[in-house]
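Descriptive analysis of the structure
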Amino acid sequence: MTDTQTFWAVVPAAGVGKRMNANRPKQYLELGGQTVLEQTLARLLQAEVFRGIAVAVSEEDGYWPDLPIARHPQIIRAPGGKERADSVLSALHALAGQAATDDWVLVHDAARPCLTITDIHHLIATLRDDPIGGILAVASHDTLKNVQGESIIGTLDRSYIWRALTPQMFRYGLLKSALQTQQGNPAITDEASALELQGWQPKIVAGRPDNIKITRPEDLALAEFYRAQQTLETTA
């Protein structure tokens, strides 16, 4: 399905996951008999669209070398950074010399192991001819409040609100330039925000709501449930 276009994946995996209150970073917690990170990378590999997957891990990471998937020929290790954007930029640097300016890069969170192959293919099919790129997201169905301190000061129009997911898909050269220009800016919480601050308007592509990010202890059990349901879908 890739024709002459080339696709790369980037996975920032240098976080420590403080909100999990665990004895190790959340990407190394067990999920379905493997680590969360292994499950995430397996989904990307199963899509069979990526020339390579750059994984940014901390230099002091003692878990990564022990994972069998770390030795997969399509996996490229990059040094992790202090912030997510630093890790993504480091991974892009690791692809220099291999990735062309117009190649596509799909950045995916290490702690989103419920990403489906269908959503990967849908994102690529939707954006492959776009000059900029875009992100998977889910429209908000909740009532959203604008809060200062402990007081509600207004209600947001939820028809304009989407929850950003990953992968986020952008041209290699464009994404690299945006992250370099905005390096150190605390407003960069995902790749799309870096492009937005450069004046670009990334596209929104509707994704599945079960593509959750493991952040808190209860998310691990929810991820187990969603993955089981996804298995039932594919075998039905």
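Residues numbered from 1 in each chain as written. Predicted model: local features only at pLDDT ≥ 70, side-chain atom pairs only at ≥ 80, totals over all residues. Heavy atoms only, no water.

Filter applied, for reference: UniProt positions are given in the numbering used here, feature names are shortened, and annotations may be inferred rather than shown by experiment.
Identification of the protein as 2-C-methyl-D-erythritol 4-phosphate cytidylyltransferase from Methylovulum psychrotolerans is taken from an unreviewed UniProt entry. UniProt's Catalytic activity (unreviewed entry) comment on the protein is quoted here verbatim: "2-C-methyl-D-erythritol 4-phosphate + CTP + H(+) = 4-CDP-2-C-methyl-D-erythritol + diphosphate". In the Function (unreviewed entry) part of its UniProt record, the protein is described as follows: "Catalyzes the formation of 4-diphosphocytidyl-2-C-methyl-D-erythritol from CTP and 2-C-methyl-D-erythritol 4-phosphate (MEP)."

**Remarks on the UniProt feature "site: Transition state stabilizer" (unreviewed entry) in the protein**
Defined as follows: Runs of E in the DSSP output that reach at least two residues are strands. Runs of H or I that reach at least four are helices, and both are numbered from the N terminus.
UniProt's feature table lists "site: Transition state stabilizer" (unreviewed entry) at Arg19 and Lys26, given in the numbering used throughout. By secondary structure assignment, the location of lysine 26 is in the loop between β1 (7-12) and β2 (30-31).

**What about the sheet that holds strand β5 (residues 75-79)?**
For the record, the criterion: Two strands pair under a simple rule: DSSP has to find at least two bridges between them. The angle between two axes is taken between their N-to-C directions and runs from 0 to 180 degrees, where each axis is a line fitted to C-alpha atoms and a helix contributes only its stretch in contact. The contact criterion used is simple: two residues touch if any of their non-hydrogen atoms lie within 4.5 Å.
With mixed pairing, seven strands are arranged side by side in an open sheet as β5-β4-β1-β6-β10-β7-β11. Where the open sheet ends on each side, the last strands, each with one partner, are β5 and β11 (203-206). With direction set aside, neighbouring strand axes in the sheet form an average angle of 30°. Examined bridge by bridge, β1 and strand β4 (residues 50-57) share six bridges and lie parallel to one another. For proline 12, the partnering residue across the bridge sits in β4 and is alanine 56. Docked against the sheet, helix α4 (residues 172-181) engages β6 (104-107) and β10 (162-171), running at close to 115° with respect to β10.

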